[in-house]
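# Architecture at a glance
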Amino acid sequence: MVNKVVFDSVTCPNGAIINLACGHISLNEMAFVNENIIVNIEARTGQIEFCDSKLNKLLSTKTETPSSGDEKFSEVKCIVESGQIKLGFPQYTYKDNYPHCDGERDRWTKTISGFDFFNYNIKNNCIVK
């Protein structure tokens with residue numbers, strides 16, 4: 001199964017943070033409709049594939065998942081500007097709420113402290129540092 005998401009760079013010119021499926025289903029297919037690019041993100045492994053609109057693979061890469069906490073990505077920041085798709089993978093901080101919690105579901109508070117960006121140049125089919 002795949003979590004399908006549509007990102008419209010025209011209605012979100014400043015980008016947006018998109019929630020990712022990261023549980024039993026952790027493969028996310030993000031359609032950048034105006035750019036005719038589909039990005040597959042595996043939230044638990046950090047595998048990223050850039051594909052054309054017919055799902056032909058153009059480029060693949062990988063980012064490191066967080067090594068602490070739940071070790072997966074829950075969201076990604078998407079921006080399209082200057083002919084690039086910019087994917088911001090969060091850096092997380094965790095706060096332990098013990099003993100002021102009801103159990104494991106509210107034991108930890110996960111907060112985004114910054115982003116590591118992968119910039120995909122659409123025309124040249126490459127990652128730009």
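Further up the page is the structure itself.
Note that the coordinates shown come from a computational prediction; the quantities given were computed from them, not determined experimentally.

## Things to note about the overall build of the protein
- Along the protein, the regular secondary structure elements total zero helices and 10 strands.
- Traced from its N-terminal end to its C-terminal end, the protein shows the element sequence β-β-β-β-β-β-β-β-β-β.
- Rg of the C-alpha trace for the protein: 16 Å, near the compact-globule value of 14 Å for 129 residues, within the 12% margin.
- Its C-alpha atoms give the protein principal-axis dimensions of about 50 × 30 × 25 Å.
- With 129 residues in all, the protein has 38% of them scored as buried.
- The long-range fraction of contacts in the protein, counting pairs at least 24 apart against all pairs at least 6 apart in sequence, stands at 46%.
- Element-wise, carbon and sulfur atoms account for 48% of the exposed surface of the protein, whose accessible area totals about 7,500 Å².
- Taking the average location of the 14 positive side-chain charges in the protein and that of its 16 negative ones, the two points are 3 Å from each other.

## Quick word on the sheet that holds strand E5 (residues 47-52)
- Pairing is mixed across the open sheet formed by five strands, whose spatial order is E1-E3-E4-E5-E6. The open sheet is flanked by strand E1 (3-7) and strand E6 (57-62), the only strands paired with a single partner. Neighbour-to-neighbour, the strand axes of this sheet turn through a mean angle of 20°, independent of strand direction.
- In the sheet, strand E3 (residues 27-32) pairs with strand E4 (residues 37-42) via six bridges, with the strands oriented antiparallel. Bridge assignment links Ala31 to a residue of E4, and that residue is Ile38.

## Some words on the sheet that holds strand E9 (residues 108-121)
- Pairing is antiparallel in the open sheet, where five strands are placed in the order E2-E7-E8-E9-E10. Each edge of the open sheet is held by one strand with a lone partner, namely strand E2 (16-19) and strand E10 (126-128). The average angle at which neighbouring strand axes cross in this sheet is 35°, direction not considered.
- In this structure, strand E7 (residues 75-81) lies alongside strand E8 (residues 84-96), joined through five bridges in antiparallel fashion. Bridge pairing links Val80 to Ile85 in E8.

## Thoughts on the pattern of salt bridges
- All chains considered together, the criterion is met by six salt bridges.
- Residues Glu42 and Arg44 are paired through a salt bridge, measuring 4.0 Å at the closest nitrogen-oxygen approach.
- In this structure, Lys57 engages Glu49 in a salt bridge whose closest nitrogen and oxygen atoms are separated by 3.6 Å.

So, how was this worked out
- Residues numbered from 1 in each chain as written.
- Predicted model: local features only at pLDDT ≥ 70, side-chain atom pairs only at ≥ 80, totals over all residues.
- Heavy atoms only, no water.
- Helix = DSSP H or I, 4+ residues; strand = E, 2+ residues; numbered from the N terminus.
- Rg over C-alpha atoms; globule rule 2.2 N^0.38 Å.
- Buried < 20%, exposed > 50% of the residue type's maximum accessible area, 1.4 Å probe, protein only.
- Contact = heavy atoms within 4.5 Å.
- Areas by Shrake-Rupley, 256 points an atom, 1.4 Å probe, with all protein chains shown as cover.
- Lys, Arg positive; Asp, Glu negative; His and termini not counted.
- Charge placed at Lys NZ, Arg CZ, Asp CG, Glu CD.
- Pairing = 2+ DSSP bridges.
- Axes fitted to C-alpha atoms, helices over the stretch in contact; angles between N-to-C directions.
- Salt bridge = Lys/Arg side-chain N within 4 Å of Asp/Glu carboxyl O.

Shape is all these values report; function is a separate question.
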